[in-house]
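Residues per chain are reported as follows:
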Amino acid sequence: MAGETVITLVGNLVDDPELRFTPAGAAVAKFRIASTPRVFNREANEWKDGDALFLTCSVWRQAAENVAESLQRGMRVIVQGRLKQRSYEDKEQVKRTVYELDVDEVGAALSRATAKVEKNRPNGGGRAPAGQGPADDPWSTGSPANGQQQGGGWGGQQQPAAQAGGYSDEPPF
């Protein structure tokens, strides 16, 4: 939507994601991220941690279930979403303002870790074993959909029959 502040944040999960469901049945997962800048102190010749930013994040629907199943406290993640500001009064009638992130995308940061990604089954029904996706899903296996040969190259250009075994590295221009 126009005028929203979209940010990307890299940090560590402070606690395990908490999965809940709305009365209508929509899944929502809440989690907090700590992002701590590091600065080099030339006088001491060492790295120092700056002030940590703690941000509460929420993610909805199938992504919420995926986050709750896949992520846990301490994991380094990359999160992209819309920054929101919310004001309220606490128990002592003091007006407070908090910043939260409505998450659009979340993933594990792979600079210091590895991950195995599994695609969801259609209709959100759990995970599909690797290479066992639906027959009409071209991303489920390494082979083209419906057993057809792809016309390699950029933009799906047709290749001569002698080259039909793979993709061309030639650009389309």
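Owing to the predicted nature of the structure, the values given are computational and were not obtained by experimental measurement.

A. Spatial organisation of the overall build of the protein chain. Helix and strand counts for the protein chain stand at one helix and eight strands. Each helix and strand of the protein chain, ordered N terminal to C terminal, gives the series β-β-β-β-β-β-α-β-β. Split into buried and exposed, the 173 residues of the protein chain put 19% on the buried side. A separation of at least 24 residues holds for 49% of the contacts in the protein chain among residues at least 6 apart in sequence. Per element, the accessible surface of the protein chain, about 12,900 Å² overall, is 49% carbon and sulfur.

B. Molecular detail of the nonpolar core. Formed by 16 residues in total, the largest nonpolar core has its most connected members in F31, I33, V59, V79 and V103. Looking at this core, the elements that each hand over two or more residues are β1 (5-13), β3 (27-35), β6 (53-60), α1 (61-70), β7 (76-89) and β8 (95-108). With near-sequence residues (within four places) excluded, V79 lies in contact with I7, T8, L9, F31, I33, L101, V103, E105 and V106.

C. Spatial organisation of the side chain of S35. Following the sequence through the fold, S35 ends up in strand β3. Here the side chain of S35 touches V10 through a polar contact of 3.0 Å, landing on its backbone oxygen. Beyond its immediate sequence surroundings of up to four residues, S35 is in contact with L9, V10, G11, D51, A52 and L53.

Conventions adopted
- Residues numbered from 1 in each chain as written.
- Predicted model: local features only at pLDDT ≥ 70, side-chain atom pairs only at ≥ 80, totals over all residues.
- Heavy atoms only, no water.
- Helix = DSSP H or I, 4+ residues; strand = E, 2+ residues; numbered from the N terminus.
- Buried < 20%, exposed > 50% of the residue type's maximum accessible area, 1.4 Å probe, protein only.
- Contact = heavy atoms within 4.5 Å.
- Areas by Shrake-Rupley, 256 points an atom, 1.4 Å probe, with all protein chains shown as cover.
- Core = buried A, V, L, I, M, F, W, Y, C linked by side-chain atoms within 4.5 Å.
- Polar contact = N/O pair within 3.5 Å; in protein donor to acceptor, adjacent residues only side chain to side chain.

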